[in-house]
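# Commentary on secondary and tertiary structure
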Amino acid sequence: HLLGDPEQPVTKVCVALDITEAVAREAIENGCELIVSHHPVIFSPLKRLDTGSIPYRLAGAGIAAICVHTNLDRAAGGVGDLLAVRLELDDIQTAADGICRIGRPTEPRSPRDFAAFVGKRLGTPVRLRAGTGPVKRVAVCGGAGGVFLLPLLKEGGADTAVTGELKHHEWLALPPGVTVVEAGHYHTEACMTEGMARWLREAFPQAEVTAFEDEPPYVTV
């Protein structure tokens, strides 16, 4: 809980990946008392609170914010599980780190065919580092997953990985033979909105819960 009164009654909730200008405007116009997001609306300590800033506007409108971030990454049914389901993986298991999920594709695919499949399922161009064999065991981690996926791949826990982004030195550190698909931070985590909205509707049927599908903060040209 990063913003607002924790005791405030809630009848309308907006769920979003990020609390952007568009999300704030939607919440204010629809009379929401709460926004639930994955990424924090206050990420670094604030040294000033400008009148045009999103935290200031939400506070002025009496809107609270709950930002679940890494809690949702680890939670059963969270970002990793939702991403694995979106990629149609079977036998989904949680890796020892508690963040990554590991599963099997419905059928073995070549690295290029699998990368094309990921791009189609997530609706985005992807980057591929093709391995030497077919894709049989896939580890997924939404967002910037290199720090979690590298140890898992080096230990032989999967032959393929899907994540949002890797740093340059992480690409260079990949073990030989593995396939890695980079599909963008936004597109590997955007699946959380409808998943979280569904949970909240089931847990709080008296509340009106809306999943806000924002646009990515970038385009590919």
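Description of the structure in this document.

What counts and how
Residues numbered from 1 in each chain as written. Predicted model: local features only at pLDDT ≥ 70, side-chain atom pairs only at ≥ 80, totals over all residues. Heavy atoms only, no water. Helix = DSSP H or I, 4+ residues; strand = E, 2+ residues; numbered from the N terminus. Rg over C-alpha atoms; globule rule 2.2 N^0.38 Å. Buried < 20%, exposed > 50% of the residue type's maximum accessible area, 1.4 Å probe, protein only. Pairing = 2+ DSSP bridges. Axes fitted to C-alpha atoms, helices over the stretch in contact; angles between N-to-C directions. Contact = heavy atoms within 4.5 Å. Phe/Tyr/Trp six-rings, centres within 6.5 Å; stacked < 30°, edge-to-face > 60°. Lys NZ or Arg CZ within 6 Å of the ring centre and 35° of its normal. Salt bridge = Lys/Arg side-chain N within 4 Å of Asp/Glu carboxyl O.

## Things to note about the overall build of the protein chain
Secondary structure assignment for the protein chain yields 9 helices and 10 strands. Taken over C-alpha atoms, the radius of gyration comes to 19 Å for the protein chain, in line with the 17 Å a tight globule of 221 residues would show. With the C-alpha coordinates of the protein chain rotated into their principal frame, the extents come out at 55 × 40 × 35 Å. When the 221 residues of the protein chain are sorted by exposure, 48% land in the buried category.

## Here's the deal with the sheet that holds strand β6 (residues 127-129)
Spatially, the 6 strands line up as an open sheet ordered β4-β5-β7-β8-β9-β6, and their pairing is mixed. Both edges of this open sheet fall to β4 (90-94) and β6, since each of them pairs with a single strand only. Pairs of neighbouring strands in the sheet enclose a mean axial angle of 20°, with direction left out of account. Contacting β4, β5 (101-104) and β7 (138-141), helix α4 (residues 79-86) crosses the sheet at an angle of about 130° to β7. Across the sheet, helix α6 (residues 146-154) lies against β5, β7, β8 (160-163) and β9 (179-182), angled at about 175° from β8, the strand it touches most.

## Some words on the side chain of D73
Along the chain, the position of D73 falls in helix α3 (residues 69-74). Ignoring anything within four residues of it in the chain, the contact list for D73 reads H38, V79, G80, G98, I99, R101 and E189.

## Details of the packing of aromatic side chains
Within this structure, the stated rule accounts for 1 aromatic pair. If you follow R109 out to its NZ or CZ, it ends over the ring of F117, 4.3 Å from the centre.

## Brief notes about the pattern of salt bridges
If you walk through the whole model with that rule in mind, you get 8 salt bridges. For the salt bridge of E21 with R25, the shortest nitrogen-to-oxygen distance reads 3.8 Å. Of the two residues, E21 and R25 both sit in helix α1 (residues 21-29), 4 residues apart, roughly one turn of that helix. R25 gets classed as partly exposed once you look at its relative accessible area, which sits at 39%. As a salt-bridge pair, E194 and R201 come within 2.9 Å of each other at their nearest N and O atoms. Look at E194 and you get partly exposed, because its relative accessible area is 35%. Connected via shared salt-bridge partners are E21, R25 and R57.

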